[in-house]
Amino acid sequence: MQAHAPLTREDAAAAFLPFDGTLYLDCAARAPRLRSVHAAGLAALEADAAPWMQSFDALDEQAGAVRALAARLFDGDTDAVALVPSAAFALSTAARNLPLAAGEAVLLLDGQFPSNLLPWQQRCLETGARITPVRRASGQSWTDAVLAMLDAESRVRVVALPQVRWDDGALLDLDRIAPRVHAAGAALVLDLSQSLGALPADIARWRPDFVASVGYKWLLGPRGLAWLWAAPRWRAEGVAIEQHWSTRDAGDGWRFAVDAMPPSRRGARRFDAGGLDEPLPLAMAGAGLEQVLAWGVPRIAATLGACTRALDAALDANGLSAWKTPGHAPHLTALRPPAERLDAVFDALRRERIACTRRHGLLRIAPHLHVAPDDMVRVAAVAAAAA
Ligand SMILES: Cc1ncc(COP(=O)(O)O)c(C=O)c1O
């Protein structure tokens, strides 16, 4: 068997709740529901009806166990990971902490997801720094465009990027970008919401300052629980954007003196948001992470890569090569029909109960392991019939 042989559809598809005849291609919006996640949620809801049976220590232990699972998708260090409600919360924490002064620049992609834009715009308003947007020349990759901007702009202090674009799945080569960011003396902030769980994250190699990811897409968990990874320096020195009691070690008596704040809890727990010590989302998130880890991220990537390759090949076979997205990630791509055919193609897919997102002139295609290469051949055939 090769190192990361694709999973068979039978192995994986049975893990999801039935799709009721819909071909769901929108994992980039929201994960399809795993049976195990659903069952964990139902059991937690039942248990929640008896609050007198719950203990603070048990909840803390549950949060610790889920934190440890999430850490395995970053670099394995549980102390590096904080529980937050959204990617924007995580990225606002990064923006609050990283040094930035008037005249300095934050480099990001034009059109990247607003949760990795608005915190930087706000910080720039406060400091007099500026946003430097990366735009691509025709035929240029996003990676080359980022590297060219790093060469051209000497005052970049923060580089805030995704690994995969949310709108069309275009892949950035962080192995090439990260060393150049460090050579420029800038901080690296990553929003891996569209890749963590579907592509390996090489934290040790990229050496980012902060990393964010939602939990409800490729981590197959619920909404409302996202992840923040922080580099050692920020775990020691960082300041949270919210001061919640759960981030502080108030000792055995749990007393908060008016004249001194208790020390922060260990590691990135200082960045934990309040209100997330909730058994239901924790149980669902834990079940999703366990499944992702059991399948293994490289195998998920290999299997989904076979699907999107089948789509590209079927587009070629139907004379629709121009509709492909060059350089897309294995798990995420987009159809690029001519503007005047976009709605007709989207409607035809909908009639065939093929669910994807239409935005900004693109039809985003984001399968998970319930989808087989043959399904993609059908997508291309439906698209071609409406072309
Ligand atoms: C790249 C990316 N980041 C973040 C998010 C969601 O961010 P938040 O948790 O702040 O709503 C999305 C959702 O589509 C996304 O695609």
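Predicted, not measured: the structure shown is a model, and the values here were computed from it.

This part covers the pairing of strand E2 (residues 81-84). On E2, burial covers both faces: Val 81 and Leu 83 on one face and Ala 82 and Val 84 on the other are all buried. With four bridges joining them, E2 and strand E8 (residues 226-230) adopt antiparallel strand pairing. In the sheet register, Ala 82 faces E8, and the bridge partner there is Leu 228.

It is worth spelling out the site of the ligand at this point. Taken together, Ser 86, Ala 87, Ala 88, Phe 113, Ser 115, Trp 166, Asp 191, Ser 193, Gln 194, Val 214, Tyr 216 and Lys 217 are the residues near the ligand. Measuring from an oxygen atom of the ligand, one finds a backbone N or O atom of Ala 87 at 2.8 Å. At a separation of 3.4 Å, a nitrogen atom of the ligand approaches a polar side-chain atom of Ser 193. Considering the ligand on its own, with 400 Å² of exposed area, one finds that the protein chains cover 86% of that surface. Residues that form the shell around the ligand fall into these classes: six nonpolar, four polar and two charged.

Strands sit in the order E2-E8-E7-E6-E5-E3-E4 across an open sheet of seven strands; the sheet is mixed. In the strand order of this sheet, the two ends are held by E2 and strand E4 (130-134), each with one partner. When strand polarity is set aside, the average angle formed by the axes of neighbouring strands in this sheet is 20°. Sheet topology places strand E3 (residues 105-109) next to strand E5 (residues 156-162); three bridges connect them, and they run parallel. Its bridge partner lying in E5, Val 106 is registered against Val 158.

Domain boundaries assigned for the protein chain yield domain 1 (9-30 + 296-385) and domain 2 (41-294). For domain 1 versus domain 2, the separation of C-alpha centres amounts to 28 Å. Taken together, the contact pairs 28 residues of domain 1 with 24 residues of domain 2. Both sides of the domain 1 and domain 2 interface together cover about 2000 Å² of buried area, and 63% of this is carbon and sulfur.

A separate point is the pattern of salt bridges. Counted according to the given criterion, the structure contains 20 salt bridges. For Arg 135, the salt bridge identified is with Asp 110, shortest N-O distance 3.1 Å. With Arg 135 in the loop between E4 and helix H6 (142-152) and Asp 110 in the loop between E3 and helix H5 (118-127), this residue pair connects regions lying 25 residues apart in the sequence. Relative accessible area serves as the criterion here: at 54%, Arg 135 is assigned to the exposed category. Of the charged contacts, one joins Asp 343 and Arg 358 as a salt bridge, the two residues approaching to 2.8 Å between their closest N and O atoms. With a gap of 15 residues between them, Asp 343 in helix H12 (residues 342-351) and Arg 358 in strand E11 (residues 357-359) connect regions that are remote in the sequence. With relative accessibility at 43%, the residue Asp 343 sits in the partly exposed group. Overlapping salt bridges, with partners in common, bring together Asp 79, Arg 266 and Arg 269 in one network.

According to UniProt, the feature "domain: Aminotransferase class V" (unreviewed entry) maps to residues 24-230 in the numbering used here. Taken as a whole, residues 24-230 contains 37% helix and 17% strand, while its terminal C-alpha atoms sit 34 Å from one another.

Attention now goes to the environment of Leu 228. Note on placement: Leu 228 falls in strand E8. Placed 157 residues apart in sequence, Leu 228 and Ala 71 show a C-alpha to C-alpha distance of 9.8 Å. Excluding residues that lie within four positions of it along the chain, Leu 228 makes contacts with Ala 80, Val 81, Ala 82, Val 84, Ala 90, Thr 93, Phe 210, Val 211 and Phe 271.

The next point concerns a nonpolar patch on the surface. A surface patch of nonpolar side chains, about 440 Å² in accessible area, is lined by Phe 56, Trp 245, Trp 254 and Phe 256. Take Trp 254: it is sitting in the loop between helix H9 (232-237) and helix H10 (279-295).

On to the sheet that holds strand E9 (residues 333-335). Here we have three strands laid out as an open sheet, ordered E9-E12-E11, and antiparallel in their pairing. Each having just a single partner strand, E9 and E11 make up the two edges of the open sheet. Neighbour-to-neighbour, the strand axes of the sheet open up by a mean angle of 35°, direction not taken into account. As paired strands, E11 and strand E12 (residues 362-365) are joined by three bridges and run antiparallel to one another. Across the sheet, the residue bridging to Arg 358 is Leu 363, located in E12.

For the coordinates displayed, the defined rule picks out nine aromatic pairs. Arranged with centres 6.4 Å apart and planes meeting at 20°, the rings of Phe 19 and Tyr 24 form a pair that is stacked. Accessibility expressed as a relative area gives 23% for Phe 19, which makes it partly exposed. Looking at Tyr 24, the relative accessible area reads 18%, which means it is buried.

This next bit is on H6. Among all positions of H6, only Trp 142, Thr 143, Ala 145, Val 146, Leu 147 and Leu 150 are buried. For H6, the elements touching its buried residues are E3, E4, E5 and helix H7 (174-183).

Thresholds applied
- Residues numbered from 1 in each chain as written.
- Predicted model: local features only at pLDDT ≥ 70, side-chain atom pairs only at ≥ 80, totals over all residues.
- Heavy atoms only, no water.
- Buried < 20%, exposed > 50% of the residue type's maximum accessible area, 1.4 Å probe, protein only.
- Helix = DSSP H or I, 4+ residues; strand = E, 2+ residues; numbered from the N terminus.
- Pairing = 2+ DSSP bridges.
- Near = heavy atom within 4 Å.
- Polar contact = N/O pair within 3.5 Å; in protein donor to acceptor, adjacent residues only side chain to side chain.
- Areas by Shrake-Rupley, 256 points an atom, 1.4 Å probe, with all protein chains shown as cover.
- Nonpolar A, V, L, I, M, F, W, Y, C, P; charged D, E, K, R; others polar.
- Axes fitted to C-alpha atoms, helices over the stretch in contact; angles between N-to-C directions.
- Domains from an automatic or database assignment.
- Contact = heavy atoms within 4.5 Å.
- Buried area = accessible area lost by both parts, 1.4 Å probe.
- Salt bridge = Lys/Arg side-chain N within 4 Å of Asp/Glu carboxyl O.
- UniProt positions renumbered as here; feature names shortened; annotations may be inferred.
- Patch = residues over 30% accessible without salt bridge, like charges linked within 9 Å, V, L, I, M, F, W, Y side chains within 5 Å.
- Phe/Tyr/Trp six-rings, centres within 6.5 Å; stacked < 30°, edge-to-face > 60°.

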